[in-house]
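Observations on the model geometry
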Amino acid sequence: SQKIEQNSEALNIQEGKTATLTCNYTNYSPAYLQWYRQDPGRGPVFLLLIRENEKEKRKERLKVTFDTTLKQSLFHITASQPADSATYLCALEASSASKIIFGSGTRLSIRP
Amino acid sequence: EAGVAQSPRYKIIEKRQSVAFWCNPISGHATLYWYQQILGQGPKLLIQFQNNGVVDDSQLPKDRFSAERLKGVDSTLKIQPAKLEDSAVYLCASSLDRGAGDTQYFGPGTRLTVL
């Protein structure tokens, strides 16, 4: 069956360092991969989308890579700040007509 | 622009009772989604509407859950009767159109506790 795995353990990073989150998937061929941020008591907020034919995407301090051979996406936050502390969700979509499947998320804490 | 609105924000009921949630999507958004998010898990799609038609309800427990989107704008999700395992946050999201890689905008969610 389709499976998405994100770091189950919380990630604790020193402010200013680069945080790297992992999203692995099996039995799936996504056309798109999205990353969302979710704060406690709030709905997810879209951050970045990367297509299967793209290797890397950047937006300000965020960078996403997508390796369809390894079936893995990496999400990087450079120069991390305490305000970046949240849960980060990856979501896969096989085609424009199919539903999005979310991973369980990784909780990121940035300590001052 | 105004975001996705949901109400109520919190609801506590006893098992076997009924409950309804309301969602008003972003104006002009054709597609509306209802998700269930159990604590510690990612959102799971329950139902997706394109205007007022159902696109996907394959994961909706139809024996107890129902949803409608009359006039292709706001939507209600109902649970009747509720079970303990329905305790979760129910998220509504909308997107402009169900095109390739369309961005979804989420509401704040309704936290349901079933006792």
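Summary of the structure given here. (Residues numbered from 1 in each chain as written. Chains lettered and ligands numbered in written order. Predicted model: local features only at pLDDT ≥ 70, side-chain atom pairs only at ≥ 80, totals over all residues. Heavy atoms only, no water.)

1. Comments concerning the sheet that holds strand β8 (residues 72-77) of chain A
Residue and element names in this part refer to chain A. Taken together, five strands build an open sheet; the order of strands is β1-β3-β8-β7-β6 and the sheet is antiparallel. On the outer flanks of this sheet lie β1 (3-6) and β6 (56-59), each paired with one strand and no other. With direction set aside, neighbouring strand axes in the sheet form an average angle of 15°. For β6 and strand β7 (residues 62-67), the ladder comprises four bridges, and the chain directions are antiparallel. Following the sheet pairing, Glu56 is matched in β7 by Thr65. (Pairing = 2+ DSSP bridges. Helix = DSSP H or I, 4+ residues; strand = E, 2+ residues; numbered from the N terminus. Axes fitted to C-alpha atoms, helices over the stretch in contact; angles between N-to-C directions.)

2. Topic: the state of the cysteines
Residue and element names in this part refer to chain B. Applying the stated rule across the entire model yields two disulfides over all chains. A disulfide bridge connects Cys23 with Cys92, and the sulfur atoms are separated by 1.9 Å. Sign of the S-S torsion, about -70° for the bond between Cys23 and Cys92, identifies this disulfide as left-handed. Of the two residues, Cys23 sits in strand β3 (residues 19-24) while Cys92 sits in strand β9 (residues 88-95), which places them 69 residues apart along the sequence. A relative accessible area of 0% places Cys92 in the buried class. (Disulfide = S-S within 2.5 Å. Buried < 20%, exposed > 50% of the residue type's maximum accessible area, 1.4 Å probe, protein only.)

3. Focus on the interface of chain B and chain A
Every contact between the two is made by 22 residues of chain B and, on the other side, 19 residues of chain A. Buried area between chain B and chain A, summed over both chains or domains, comes out near 1,500 Å², and the portion from carbon and sulfur atoms is 51%. Between chain B and chain A we count zero salt bridges in total. Taken together, chain B and chain A are joined by two residue pairs in polar contact (both at pLDDT 80 or more). Considering only residue class, the side of chain B that touches chain A consists of seven nonpolar, eleven polar and four charged. (Contact = heavy atoms within 4.5 Å. Buried area = accessible area lost by both parts, 1.4 Å probe. Salt bridge = Lys/Arg side-chain N within 4 Å of Asp/Glu carboxyl O. Polar contact = N/O pair within 3.5 Å; in protein donor to acceptor, adjacent residues only side chain to side chain. Nonpolar A, V, L, I, M, F, W, Y, C, P; charged D, E, K, R; others polar.)

4. Description of the sheet that holds strand β1 (residues 5-7) of chain B
Residues and elements named next belong to chain B. In spatial order, the strands read β1-β3-β8-β7; together these four strands make up an open sheet with antiparallel pairing. At either margin of the open sheet sits one strand with a lone partner, and together these are β1 and β7 (65-68). Each adjacent strand pair in this sheet contributes to an overall mean axis angle of 15°, direction not counted. Pairing of β7 with strand β8 (residues 75-79) involves four bridges; the strand directions are antiparallel. Bridged to Ser66 within β8 is Lys78.

5. Description of the environment of Ser8(A)
Residues and elements named next belong to chain A. Relative to the assigned elements, Ser8 resides in the loop between β1 and β2 (11-14). Residue Ser8 is classed as exposed on the basis of its relative accessible area, which comes to 69%. Sequence-wise, Ser8 and Leu108 are 100 residues apart; in three dimensions their C-alpha atoms are separated by 11 Å.

6. Here's the deal with the packing of aromatic side chains
A complete count under the given rule lists twelve aromatic pairs over all chains for this structure. Here the aromatic rings of Phe102(A) and Phe106(B) are separated by 6.1 Å at their centres, their planes lie at 80°, and the arrangement is edge-to-face. Of this pair, Phe102(A) sits in strand β10 (residues 100-102) while Phe106(B) sits in strand β10 (residues 105-106), which puts the two residues in different chains. (Phe/Tyr/Trp six-rings, centres within 6.5 Å; stacked < 30°, edge-to-face > 60°.)

7. So, the nonpolar core
Grouped together as the largest cluster of nonpolar side chains are 23 residues, with contacts concentrated most on Leu21(A), Trp35(A), Phe75(A), Ile77(A), Tyr88(A) and Leu108(A). Where this core is concerned, the elements lending two or more residues are β3 (19-26), β4 (32-38), β5 (45-51), β7, β8, β9 (86-93) and β11 (106-111) of chain A. Ranked by size, the runner-up nonpolar core spans 21 residues in total, among them Ile13(B), Val19(B), Phe49(B) and Val114(B). (Core = buried A, V, L, I, M, F, W, Y, C linked by side-chain atoms within 4.5 Å.)

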